[in-house]
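# Breakdown of the fold
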Amino acid sequence: MITASVVIVVLICFAAIVLFITELLPVDVTAMLVMVALMLFGIVTPQEGLSGFSNVGTISVFALLVLSIGLESTGAINYLVNRIEGYASDSELKTIIAISLLVGISSAFLNNTAIVAIMLPITVRLANVSKLSVSKLLMPMSFAAMAGGCITIIGTSTNVIISGIHAERFGQPFGVFEFSLFGIILFILFLLYITLIGRHLLPGSNKKTSLTEEYDLDKYLVQVEVMPNSSLIGKKITEDFHPKYGIRVLEIMRGSGTVYIPSDVEKIQAADVMNIKTTVLSLVEVQQKLGLRIKRNITLDDQELTSEEAVLFEAVIGNNSYLLGKQVKDVDFRQMFDAIPLAVRRSGASVPTKVSEVEIQFGDTILLEARRSKLEKFYNSRDFIVLEKVKKPNFRQRHMILSALIVLGVVLTASTALLPLEVAGLTGVVLLFVTGCVSPRFVYRKMEWRIIFLLAGLIPLGVAVEKSGLSNAIADALLVNFGTLSPAFIISGLFAITILLTSFMSNNATAILLAPIAITLAEKLGLDPKAFLITIMFAASTSFLTPIGYQTNTLIYGPGKYKFWDYLKVGSLLTLLFWLAATILIPWLYL
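Attention in this report is confined to the structure presented alongside it. Source: prediction; values computed, not measured.

What follows deals with the environment of Pro487. For Pro487, the position within the fold is in helix H21 (residues 487-502). Judged by its relative accessible area of 31%, Pro487 falls in the partly exposed class. Along the backbone, Pro487 and Leu591 are 104 residues apart, and their C-alpha atoms lie at a distance of 8.7 Å.

Laid out in structure tokens, this is it:
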């Protein structure tokens, strides 16, 4: 019987899916909207609606993210990476294998999104050292993080959440290595595929292009001299101080000195030579009406914009960035970062919109010019992942060893069931704080709070799907049509549905939405719900088909200069292999 509660939950689910796919609202805001709507309509009680904040899955994810931040801050991960940099080779195959193994194994024990964020600038540097195209390395790195994250329960937030759902329903969470055999098989499948087939499908060549060429800036960056009759003389420099022509002053050469990244108080003087950014159509008009003379009709390149004091570099917008949703013109880059944004790359191509009008999104790659002495602001900022490291990472040897031992202790105590995962994780967090490995303030700044609020907001939806009777209604409909089919066929269909959903919306949202339906379906079939939950868990954690289904894919989208089609081309056969493996092995191993 279709009740009012079922109809309301269906409408809320549909609205949530649309919002997740279209991203009209940030995913965490959508999740909180779902939570509030369920309470307002009386589908769940306030206690049930707020249960996501105290859910063992949410707490466990929080603890594991802090452990990842702790290891990163002490330099432990960079230390491992530096060891493999010495083996950097111009062999594409060897480099892909080295990166895949390092990222895959690390992702089994630390949050895989954090691993990719750390490895992103390092892989770009490895590509330059090895004289390989960066697009040949970044997609294997992202896929390795997803495949590696499936080896243990702590590798991805989706694994932790599904384990938490199993614990709340059946009183027993998954063991840390409970499904590692299947996870290792999938990781080996990934390695075989990417080395034998996938790498040949990856785009890119070894031809080296400058940043100004990649962003089509060579036609927009010019050097001009201020003539005695210029109307700009005496004007202060601002972020976009002449809106009509879109002029942005990058540098001023005055006499024997140079003013890099001029501040707002700097005034233009006669005979100043300026490096400016403007539009091609404005160049002639700029000369005539503003009293500027283009010097030798030259255009600027990387060398002319890089010096001992200034540097040209790329930075990726992280998913926890304060800048998300803001237009470039609303962010005072000069004041906050001593930098000037020159161009934005999104979805593998430069954004044609005027830079100041661009609304910043997760995964955008911004080309910036900044003072070298101020780059520390970028390295320590939660807003950016800098693709070019110009300083050596800071290794704190004592804390590095201590943090590694703490993480190892968490894994051992959780895997041997001496402590529940959430208790072991929180114990590790406290130990990181009291031993000085990482400060709470640093953690608060670097924490992926969007993930925490996403989980807290959506967990009540799983409660509502079951409490309203929707999961029971869907399970009954599936039984009527497919109840006579083999368990392998049903698991195969569940894996395929999960893969398709998670290709266009949050993997955590997909898992939380489908988990109660899978449990009810398994119980009605008289089968172990664990196998069905594992199916959803693996499918939601291995989204290779699109750049938007998984955060690691989004992070590499811009830096790798990929197209949407590249993910389909490289990821389709790998998805098919994983699907066939799940169809055969999950019923055999877990039913």
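Read on, since the account is not over.
A word on the pairing of strand E2 (residues 248-254). The buried fraction of E2 is high, at five of seven residues. Looking at chain direction, E2 and strand E4 (residues 273-277) are connected through five bridges and run antiparallel. Residue pairing for E4: Val249 is matched across the bridge by Ile276.

Within the secondary structure layout, Ser157 lies in helix H10 (residues 157-170). At a separation of 3.2 Å, a polar atom in the side chain of Ser157 contacts the side chain of Asn508. Here Ser157 is in contact with Val61, Asn111 and Asn508, once residues within four sequence places are set aside.

Turning to the packing of helix H7 (residues 92-107) against helix H8 (residues 112-130), a few remarks are in order. Interhelical geometry of H7 versus H8 gives an angle of 165° and a closest axis separation of 11 Å. By the angle between their directions, the pair H7 and H8 is classed as roughly antiparallel. Here the hand of the crossing between H7 and H8 comes out right-handed. Where H7 abuts H8, its residues Thr95, Ile99, Leu102, Val103, Ser106 and Ser107 lie against Asn112, Ile115, Met119, Thr123, Leu126 and Ser130. When grouped by side-chain class, the residues that make up the contact of H7 with H8 number six nonpolar, six polar and no charged.

About the criteria used
- Residues numbered from 1 in each chain as written.
- Predicted model: local features only at pLDDT ≥ 70, side-chain atom pairs only at ≥ 80, totals over all residues.
- Heavy atoms only, no water.
- Helix = DSSP H or I, 4+ residues; strand = E, 2+ residues; numbered from the N terminus.
- Buried < 20%, exposed > 50% of the residue type's maximum accessible area, 1.4 Å probe, protein only.
- Pairing = 2+ DSSP bridges.
- Polar contact = N/O pair within 3.5 Å; in protein donor to acceptor, adjacent residues only side chain to side chain.
- Contact = heavy atoms within 4.5 Å.
- Axes fitted to C-alpha atoms, helices over the stretch in contact; angles between N-to-C directions.
- Parallel < 35°, antiparallel > 145°, perpendicular 65-115°, else oblique.
- Left-handed = near helix turned anticlockwise from the far one by under 90°.
- Nonpolar A, V, L, I, M, F, W, Y, C, P; charged D, E, K, R; others polar.

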